[in-house]
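Now for the letters of each chain:
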Number of protein chains: 2
Amino acid sequence: MDLRPTYIIGAGIVKYGKWKNMTSREAALLAGKLAIESAEISPRDIEIGFVTNVFGFAENQAHFGPVVATGLGIKDVSMTTVENACASGSVAIREAYLSVAAGQADVAIAVGAERMNAVDTITANTYMSYGSDFVVEGGSGATFIGLYASMMTRYMHEYGAPREVFAKVAVKNHNNALHNPAAMFHKKITVEDALKSPVIAWPIRLFDCSPITDGAAAVIVASDDFIKKEGIDEKIRILVSVKAGGTSALQDREHLPTIRAARIAADKAFKIAHLERKDIDFAEVHDCFTIAEIVAMEDIGFYKKGEGWKAVMEGETEIGGKIPINPSGGLKAKGHPVGATGIGMAEEVFEQLLGEAGKRQVEGAEIALTHNVGATGGTVVVNIYKRER
Amino acid sequence: MDLRPTYIIGAGIVKYGKWKNMTSREAALLAGKLAIESAEISPRDIEIGFVTNVFGFAENQAHFGPVVATGLGIKDVSMTTVENACASGSVAIREAYLSVAAGQADVAIAVGAERMNAVDTITANTYMSYGSDFVVEGGSGATFIGLYASMMTRYMHEYGAPREVFAKVAVKNHNNALHNPAAMFHKKITVEDALKSPVIAWPIRLFDCSPITDGAAAVIVASDDFIKKEGIDEKIRILVSVKAGGTSALQDREHLPTIRAARIAADKAFKIAHLERKDIDFAEVHDCFTIAEIVAMEDIGFYKKGEGWKAVMEGETEIGGKIPINPSGGLKAKGHPVGATGIGMAEEVFEQLLGEAGKRQVEGAEIALTHNVGATGGTVVVNIYKRER
């Protein structure tokens, strides 16, 4: 069954950081309104919505859809919460995309909002660990930092990657975030800073970790029919959105530094989109830890397994390099508000492909990929977007 | 865009009640296996899944999809959590239905599991209140019992329904549950019992309330292509699945004892299915409180607003009556394990339409409707099913 051409026509983002006074509910509405404004539509054009608010119970809220719909003034529109841990945002986009592509709606919204700082850091990490296989991981004290540390240790052992390479990922992402007004951190760091930062779970140091972040983002997804009817120019086609699953626990994987679900999703996405890896102008990938960025580059297929680190050493993933990775600053420096993260990636793609990303602009970018991981790879979503004129 | 014919080909349920030793994770896998067994397929036929586990954080789990997929031995299959409070189960079925109907998969699974008794009753009610608009409802002490009490008070005031009618709803549902092996309660009650039970939030008494329930259910959804290929006989067509939204807070409704989202969803469902109300042989509706069953009968359109209570008095909603409501025992007596509830409704429909419901069988039932409400009506899902031979 053919799906019809489907586009992102508007996007909004609420500055990532540590909010003093804003709730995730308020931030979701702000992001939604910015996206509606950006698309130049009326809220009443929206026919369906998908929302995500993984830390909702930290704010005593667990039925986020009607809260967002009511707040946007479209109370009859049904909005559903979707969750796949840190991949929730991209899943929301995928469901919005499918609703439109399959003809269930002409206009859909995807909204993600988190206020992770509604609870203290220890509690936030405890809640995060519920995204792991708690029976064998979180419950035994294995936080995600520890789990990714296992992946990093194995990667270094198997491929001889020097410790410095991970610091370089952090430095690049902090450099990119300097030019992203929505980023949490606007702080230049050096390789030395990163290498001297405190160990969190060896070999992962503080500057290898994405921060606990408050953040919100929203995108408007529309059909080709709607776009033609409204004469909309600023549109980014969603070429494909693929979701794949992996084992719940890291211990059940065949190879620690390979996320099999990412390989499956990427292979399928490129096949459906009839594209090669070299066609991608930049990618926003899930660098929850610096090791994750390198693993992602390899899983997507930009580099062979075990060779991604060499590309980092040679600067190939910087803006202006062979394949810019995370021009937004990534989860590391832009921030990682769990459920909002994937939607924030799409917001970055929207700005970049329209050529509106200012000093972090990837020149001439026409096709972009996003890669969003839930937990250690229990879920992966790969989306490919293309500017159409 | 036309959707292709889509069916439920298997269903499983884990006895509702207060489990001593089973986690929701174990129950989800058991329900999934029973559904797979019932459909006579291999787990490997499943291509996508939707799960729900609203009380997951009470068991420290928040990434349920990979847990279920891994446990069923199909780790590469992506499963996503969907949530709309107490309507989550029907939303999971709707997403599974749409995935198949739109050609994204030939076989999908929907699984819901809850262990609400993982926490004490007060905590469970607190968690439930997160499904309300917590800013103006739960946070002010308005639990769902209180909110539905407001609906009931207004209903009695406006339509002159006697207190006894609500007791009769409870008695009927307890009678039906006597013959449902999966029901939580196998306990006959009298109108007098119900009228004498303690007041919880006036005028709602204990026997007007659905219980805090552990429960799990699963259904297998498949395309017509798959059914033909496999030569499957026992199939129930999903004629339509419609989801609608309403205001987050009860206070913003135009009329307290009308759930507008239910009317919208039902009107749309009947229109799409080209059916009249009289074509429905029985319905499973969301009787979280006895008042909710009467409101549902009217919102769906079986009775005019304000007249549903008369039908109850005359026994029209009993098995063998004009339009049997909740032959399973309903949320009241079968039980209400939040995220599993809507999937349990579909399981009942599957048994009934195949004529396998034993002593609670609605004779000759060919077409059935399910009605599942999230919160006080922020979300409503109406599904219509038909036996096809």
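Structure shown above.
About the criteria used
Residues numbered from 1 in each chain as written. Chains lettered and ligands numbered in written order. Predicted model: local features only at pLDDT ≥ 70, side-chain atom pairs only at ≥ 80, totals over all residues. Heavy atoms only, no water. Helix = DSSP H or I, 4+ residues; strand = E, 2+ residues; numbered from the N terminus. Rg over C-alpha atoms; globule rule 2.2 N^0.38 Å. Areas by Shrake-Rupley, 256 points an atom, 1.4 Å probe, with all protein chains shown as cover. Lys, Arg positive; Asp, Glu negative; His and termini not counted. Charge placed at Lys NZ, Arg CZ, Asp CG, Glu CD. Least-squares fit on C-alpha atoms with pLDDT ≥ 70 in both. Contact = heavy atoms within 4.5 Å. 1 Å grid on protein atoms, 1.4 Å probe; cavity = no way out; pocket = protein on both sides within 12 Å on 5 of 7 lines; lining within 4 Å. Points joined across faces, edges and corners; volume = space filled by probe spheres on them. Phe/Tyr/Trp six-rings, centres within 6.5 Å; stacked < 30°, edge-to-face > 60°. Buried < 20%, exposed > 50% of the residue type's maximum accessible area, 1.4 Å probe, protein only. Buried area = accessible area lost by both parts, 1.4 Å probe. Salt bridge = Lys/Arg side-chain N within 4 Å of Asp/Glu carboxyl O. Polar contact = N/O pair within 3.5 Å; in protein donor to acceptor, adjacent residues only side chain to side chain. Nonpolar A, V, L, I, M, F, W, Y, C, P; charged D, E, K, R; others polar. Pairing = 2+ DSSP bridges. Axes fitted to C-alpha atoms, helices over the stretch in contact; angles between N-to-C directions. Left-handed = near helix turned anticlockwise from the far one by under 90°. Core = buried A, V, L, I, M, F, W, Y, C linked by side-chain atoms within 4.5 Å.

**Student:** Explanation requested: the overall build of chain A in the structure shown.
**Tutor:** Helix and strand counts for chain A stand at 13 helices and 11 strands. Relative to the globule expectation of 21 Å for 389 residues, the C-alpha radius of gyration of chain A, 19 Å, shows essentially globular dimensions. The principal-axis extent of the C-alpha atoms belonging to chain A is close to 55 × 45 × 40 Å. Carbon and sulfur atoms form 49% of the exposed surface of chain A, whose accessible area is close to 12800 Å². Here chain A contributes 41 positively and 48 negatively charged side chains, and the mean placements of these two sets differ by 2 Å.

**Student:** Would you mind showing me how to read the relation of the copies chain A and chain B here?
**Tutor:** Two chain copies, one operation linking them: a rotation about an axis together with a shift along it. Between chain A and chain B, the superposition needs a rotation of 180° and an axial shift of 0.0 Å, giving an RMSD of 0.0 Å. Expressed as a symmetry operation, the mapping of one chain copy onto the other fits a two-fold axis. Considering only C-alpha atoms, the residue of chain A closest to the rotation axis is V82 of chain A, which sits at 2.3 Å. Most of the interface of chain A is mirrored in chain B, where 100% of its interface residues again form contacts.

**Student:** What should I look at first to understand empty space enclosed by the protein in this one?
**Tutor:** A probe matching the size of a water molecule, rolled over the atoms, marks out where space remains unfilled. In total, this model carries 8 cavities of 30 Å³ or more according to the counting rule given. The computed volume of the largest cavity comes to approximately 220 Å³. As for the largest cavity, its lining consists of 19 residues, of which V54, F57 and E83 of chain A together with F57 and E83 of chain B are closest to the centre. Going through the elements one at a time, β3 (79–83) of chain A together with β3 (79–83) of chain B are the ones with two or more residues in the lining of the largest cavity.

**Student:** Honestly, the packing of aromatic side chains in this entry has me stumped. Any pointers?
**Tutor:** All chains considered together, the criterion is met by 13 aromatic pairs over all chains. With a centroid separation of 4.2 Å and an interplanar angle of 0°, the aromatic rings of F57 of chain A and F57 of chain B are classed as stacked. Of this pair, F57 of chain A sits in the loop between β2 (48–52) and α2 (64–71) while F57 of chain B sits in the loop between β2 (48–52) and α2 (64–71), placing the two residues on different chains. When the centroid spacing of 5.1 Å and the interplanar angle of 40° are considered together, the rings of Y148 of chain B and F289 of chain B count as tilted. Here the residue Y148 of chain B occupies a position in helix α5 (residues 144–159), and F289 of chain B occupies one in the loop between β9 (282–284) and α10 (290–300), the gap between them amounting to 141 residues. The class of Y148 of chain B is buried, set by a relative accessible area of 2%. Using a relative accessible area of 7% as the deciding quantity, one classes F289 of chain B as buried.

**Student:** How do you make sense of the interface of chain A and chain B when you look at a structure like this?
**Tutor:** By a frequent convention, interface size equals the accessible area lost on bringing the separate parts together. Opposite the 52 residues of chain A that make contact, chain B presents 52 residues. Between chain A and chain B, roughly 4400 Å² of surface is buried when both sides are summed, and carbon and sulfur atoms account for 51% of that area. The tally of links from chain A across to chain B stands at 6 salt bridges. Note that D76 of chain B and R260 of chain A form a salt bridge whose closest N and O atoms lie 2.4 Å from each other. Taken together, chain A and chain B are joined by 28 residue pairs in polar contact (both at pLDDT 80 or more). Elements that contribute at least two residues to the side of chain A that touches chain B include exactly β2, α2, β3, α3 (88–101), β8 (236–245) and α9 (260–273) of chain A. The class makeup of the residues in the side of chain A that touches chain B is 22 nonpolar, 18 polar and 12 charged. The pairing of β3 of chain A with β3 of chain B spans 3 bridges and is antiparallel. Counterpart to E83 of chain A in the pairing with β3 of chain B is T81 of chain B.

**Student:** What exactly am I supposed to notice about the packing of helix α5 (residues 144–159) of chain A against helix α10 (residues 290–300) of chain A here?
**Tutor:** All names here are of chain A. Look at α5 against α10: their axes get within 10 Å of each other, and the N-to-C directions meet at 65°. Along this stretch, α5 crosses α10, giving a crossing that reads as left-handed. Together, Y148, M151, M152 and Y155 of α5 and I291, A292, I294 and E298 of α10 make up the contact between the two elements. Across the contact of α5 with α10, the residue classes break down as 7 nonpolar, no polar and 1 charged.

**Student:** So what exactly am I meant to see when it comes to the nonpolar core here?
**Tutor:** Looking at soluble globular proteins, one finds that nonpolar side chains tend to be buried together. If you look at the biggest cluster of nonpolar residues, it comprises 74 residues, and the most contacted ones within it are V219 and Y385 of chain A together with V219 and Y385 of chain B. With near-sequence residues (within four places) excluded, V219 of chain B lies in contact with I8, G10, A11, A35, I93, A108, I109, A110, I343, A346 and E347 of chain B. In terms of nonpolar packing, the next biggest core, distinct from the first, is built from 67 residues, F55, V165, A273 and F289 of chain A among them.

By themselves, these observations are geometric and do not establish any function.
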